[in-house]
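# Survey of secondary and tertiary structure
These are the residues of each chain, in order.
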Amino acid sequence: QIEGKLRGEERVLVIEDLISTGGSCLKAVNALKNIGCDITGVLAIFSYGFDQAKENFALADCRYDTLTNYDELLKEAIRSEYIDNSDMETLKNWRLAPQEWMV
């Protein structure tokens with residue numbers, strides 16, 4: 001969970017590639033807090049924007065932000081004609097309840 005040597009006094013910004021529910025990222029945040037680090041927040045490249053992630057970060061009292069997200073991805077996919085408007089409803093519905101799409 002922690003790479004490198006830390007004294008436990010550092011201010012830390014956790015960098016993550018993807019936030020879905022926030023679970024794995026928040027485990028790293030907790031590990032850092034447990035050794036005494038001051039967590040300034042989490043910065044991720046991408047997030048699906050799941051409500052579960054928002055709830056988990058709020059419960060952990062941890063700020064987070066992303067460089068981009070699922071809504072922006074959909075906008076760009078429409079703009080570039082990678083998908084069309086008929087795909088949009090299906091993709092938005094998936095984001096609202098992805099667990100229901102598992103086979």
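One numbering rule holds for all chains: residues counted from 1, following each sequence as written. Local features in this predicted model are restricted to residues whose pLDDT is 70 or higher, and side-chain atom pairs enter the listing and the counts only when it is 80 or higher, whereas totals over whole chains, interfaces and linings include all residues. Each side-chain value is derived from all of the structure's non-hydrogen atoms; neither hydrogens nor water enter the calculation.

With that out of the way, let us pick up the sheet that holds strand β1 (residues 11-19). Taken in spatial order, the three strands of this open sheet run β1-β2-β3, and their pairing is parallel. In this open sheet, the two edge strands, each paired with only one partner strand, are β1 and β3 (64-69). On average, adjacent strands in this sheet sit at an angle of 15 degrees to one another, irrespective of strand direction. For strand β2 (residues 38-47) and β3, the ladder comprises five bridges, and the chain directions are parallel. Note on β3: the bridge partner recorded for S47 is N69. We treat two strands as partners when DSSP finds at least two bridges between them. Only DSSP runs of H or I covering at least 4 residues are called helices, and only runs of E covering at least 2 are called strands; the numbering of each starts at the N terminus. Angular values range over 0 to 180 degrees, each being the angle between N-to-C directions of two axes fitted as lines to C-alpha atoms, with helices fitted over their stretch in contact.

Right, let's talk about the pairing of β2 for a bit. By the bridge criterion, eight bridges tie β1 to β2 in an arrangement that is parallel. Along β2, the bridge assignment pairs V12 with I39. Note on handedness: a crossover is taken as right-handed if, strands pointing away from the viewer, the path from the first strand over the helix to the second is clockwise. Remark: the β1/helix α1 (residues 23-34)/β2 crossover connection has right-handed handedness.

Confidence in the prediction of the protein, expressed as mean pLDDT, is 91, and 97% of residues score 70 or more. By mean pLDDT, helix α4 (residues 85-96) is the weakest element of the protein at 86, and β3 is the strongest at 97. Confidence of the prediction at every residue is given by pLDDT, a number between 0 and 100.

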